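Here's the letter readout for the chains.
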There are 2 protein chains.
Amino acid sequence: MKMQMNDYIKLVDEKLDEFMPIQYPDDIFKAMKYTVTLQGKRLRPVMCLETCRMFGGNFEDAIPTACAIEMLHAQTLIHDDLPCMDNDDYRRGKLTNHKVFGEANAVLAGDALLTFAPQLIVKNSKKLGAEKLINILEEYFHAAGAFGVIAGQVIDIESERATSKIPDPEKTLEYIHTHKTADLFKLALRSGAIIADATEKELEEITEFGQCMGVAFQIADDILDETSTFDEMGKTMGKDKDAGKLTYTSLYGLEKSKKDLNEKLDKCLDILHKNNLKSEVFEQILEKIRIK
Amino acid sequence: MKMQMNDYIKLVDEKLDEFMPIQYPDDIFKAMKYTVTLQGKRLRPVMCLETCRMFGGNFEDAIPTACAIEMLHAQTLIHDDLPCMDNDDYRRGKLTNHKVFGEANAVLAGDALLTFAPQLIVKNSKKLGAEKLINILEEYFHAAGAFGVIAGQVIDIESERATSKIPDPEKTLEYIHTHKTADLFKLALRSGAIIADATEKELEEITEFGQCMGVAFQIADDILDETSTFDEMGKTMGKDKDAGKLTYTSLYGLEKSKKDLNEKLDKCLDILHKNNLKSEVFEQILEKIRIK
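Numbering of residues starts from 1 in each chain and follows the order in which that chain's sequence is written. Each chain takes a letter, starting from A, and each ligand takes a number, starting from 1, following the order in which they are written. Only residues with pLDDT of 70 or above have their local features reported here, since the model is predicted, and side-chain atom pairs are shown and tallied only from 80 upward, although totals for entire chains, interfaces and linings are computed over all residues. Side-chain numbers come from the whole structure's heavy atoms, not from hydrogens or water.

Thoughts on the packing of helix α4 (residues 63-80) of chain A against helix α9 (residues 169-195) of chain A
All names here are of chain A. Threshold: Lines fitted to C-alpha atoms define the axes here, with helix axes fitted over just the stretch in contact, and angles between the N-to-C directions of these axes take values from 0 to 180 degrees. Secondary structure elements are defined from DSSP: runs of H or I of at least 4 residues count as helices, runs of E of at least 2 residues count as strands, and each element is numbered from the N terminus. Angle categories: roughly parallel below 35 degrees, roughly antiparallel above 145, roughly perpendicular from 65 to 115, and oblique for all the rest. A crossing counts as left-handed when the near helix is turned anticlockwise from the far one by less than a right angle, and as right-handed when that turn is clockwise. Contacts are assigned to residue pairs that have any heavy atoms within 4.5 Å of one another.
Orientation of α4 relative to α9, taken along the N-to-C sense of each, is 170 degrees, at an axis distance of 10 Å. Taken as axis vectors, α4 and α9 run roughly antiparallel relative to one another. At the point where α4 passes α9, the crossing takes the right-handed sense. Residues T65, I69, L72, H73 and D80 of α4 form the contact with α9, whose own contacting residues are K180, L184, L187, A188, S191 and I195.

Right, here's the structure in full:
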């Protein structure tokens, strides 16, 4: 079955809703579900499903893992938005989790998602078999933990508080982008590939693609923070610049950022083509990230 | 090898240190390790190891799981102590995590532990085999998530904010104690039993024991909050009473609380004896919880 971008998004939205019935204690499930089901691009789960399909697997086998990765992503948003972190009031055009449910419940909703997500993978593991399940859990924990997204967030916060003291800002920024963003992209792609029984070589190819795409996505995000409005993005923009934060645009300027972004996106396309990785969906995603 | 309480504690302390080398980014690993390695009674990991031994298993096979449960416990302490939750400055006689590392890093250290703990179980699963590993992960996720400790914490916070409106305070308090405390006790006992290949009947017995002991422990905690000093307990006491919080003592008074505690502890002993569960260590733990 040929899946278009919108088919995947619709499927993911339905499954996220289905996997998260509101149960007692209602308040925690409502808070968890609120951010998970905010209208979003669903890039990570779509990437997981599409990779599985691309390598000859049945993308339906990857649905629980794809949804778990989206839940993990939502968890990082909930905690990143907290007053003690980025202190954001809006996300995707809606009030952030702590603004609706209070700080305590937002912390706990994030905590609960950090358990709910891998639990979902384990619960739905029968089709995968034990070996593949363990393999995927290892990938998941690596990306979710102190060597993955959390490493990116910690160094991001530190760099914000000490911009002038950063000895090697280029390297630091690359570290932040790699871990804060590319690690979850790579997790989505690699787990989809593992479910499809991809070869070691294919895993390497898709990892190179995920690293490139993750960094491109983050450069675009930095550009948009400077050039977009609240109405366009659904969150408060320009905060990074105001905070003197280390970003791609603060380091290289807006013009070079745009040039580098588009070069990165061309490189992502090259990786697909040279390895004969055929995916209209990935090409569409790359075009959506492009900024003219 | 016959293990005494102190042998187990020493072993757990050594292993917790060994499992958590400080790696880059240092700040997050230091924050994680700070609370995990605070001097503590190590009740949960000791209970896990001792149950494994009691049911004829090799307690060494349970070490990663026992340590993971202690890390999960430390995570709950870090987030519970945050200003938006219980706002505590001291824990086990030392400054709380956010007081040392700042709120943002304390949130992230807790998040990282929520991933690090089950990752530790998976990483060290070879000896257990896939089936037992999946079984233990299911137990772990249930106790750690929105039906377990988090459910207890959510209802605890809600009850604190609306004591007068609680329709059935006895039942609510039992719910809080069960989930906030007994669920991790049961996880420790059940996972130790599963590793030792305990029967379904033995699992039920040890679960009944864990429920009884968890509630007893929490009654004792509520009593001590009212009757102890900072120097005795290493944290600010009397806060629950000042906050008008729903506790065993606020509901039943100090005298009845003491009486009920000792009855509960006798019941725990009965459960051990009637099921022929022989453990000096468990009997010692029960005596330590007793308040004259």
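There's plenty left to go through after this.
Examining the packing of aromatic side chains
All names here are of chain A. Worth spelling out the cut-off: Within 6.5 Å between ring centres, the rings of Phe, Tyr and Trp (the latter by its six-membered ring) count as paired, and their orientation is classed by plane angle as stacked under 30 degrees, edge-to-face over 60, tilted in between. The cut-offs for exposure are 20% and 50% of the maximum accessible area for each residue type, with area from a 1.4 Å probe on protein chains only; residues under the lower value are buried, those over the upper are exposed, and the others partly exposed.
On inspection of all chains with the given rule, the structure shows 18 aromatic pairs over all chains. Centre to centre, the rings of Y140 and F141 are 5.7 Å apart; their planes meet at 75 degrees, and the pair counts as edge-to-face. Here Y140 and F141 have matching classes, each one buried. A centroid spacing of 4.5 Å and a plane angle of 40 degrees characterise the contact between Y248 and Y252, whose relative ring orientation is tilted. One end of the pair is Y248 and the other is Y252, both in helix α13 (residues 248-252) and four residues apart, which spans about a single turn.

So, the interface of chain B and chain A
Rules: Summed over both partners, the accessible area lost on bringing two parts together, with a 1.4 Å probe, is the buried area. Salt bridges are defined by distance alone: a side-chain nitrogen of Lys or Arg within 4 Å of a carboxyl oxygen of Asp or Glu. Here a polar contact is taken to be a pair of N or O atoms separated by no more than 3.5 Å, where protein atoms must pair a possible hydrogen donor with a possible acceptor and residues adjacent in sequence count only if both atoms sit in side chains. Residue type decides the class: Asp, Glu, Lys and Arg count as charged, Ala, Val, Leu, Ile, Met, Phe, Trp, Tyr, Cys and Pro as nonpolar, and the leftover types, Gly among them, as polar.
On the side of chain A, 44 residues touch chain B, which itself brings 44 residues to the contact. Across the chain B to chain A interface the summed buried area is about 3,800 Å²; carbon plus sulfur atoms make up 76%. Here chain B and chain A share zero salt bridges between them. Joining chain B to chain A, the criterion identifies four residue pairs in polar contact (both at pLDDT 80 or more). Put simply, the parts of the chain that give the side of chain B that touches chain A at least two residues each are α2 (26-36), α4 (63-80), α6 (103-123), α7 (130-144) and α8 (149-161) of chain B. Ranked by residue count, the leading element in the side of chain B that touches chain A is α6(B), at 12 residues. In terms of residue class, the side of chain B that touches chain A is made up of 29 nonpolar, nine polar and six charged.

Observations concerning the confidence of the model for chain A
Where we set the bar: A score between 0 and 100, pLDDT records how confident the predictor is in each residue.
Averaged over all residues, the pLDDT of chain A equals 94, while 99% of them reach at least 70. Confidence metrics for the complex model read pTM 0.96 and ipTM 0.96.

Remarks on the side chain of D260(A)
Position of D260(A) among the secondary structure elements: in helix α14 (residues 254-274). Here D260(A) falls in the buried class, since its relative accessible area comes to 10%.

Brief notes about the relation of the copies chain B and chain A
Our working rule: Least-squares superposition aligns the copies on the C-alpha atoms of those residues with pLDDT at or above 70 in both.
Once chain B has been moved 0.0 Å along the axis and rotated by 180 degrees, it coincides with chain A to within an RMSD of 0.0 Å. Within this description, the copies of the chain are treated as partners about a two-fold rotation axis. Closest approach to the rotation axis among the C-alpha atoms of chain B is made by A130(B), whose C-alpha sits 3.0 Å away. Counting the interface residues of chain B, we find that 100% of their copies in chain A are interface residues as well, pointing to one common contact surface.

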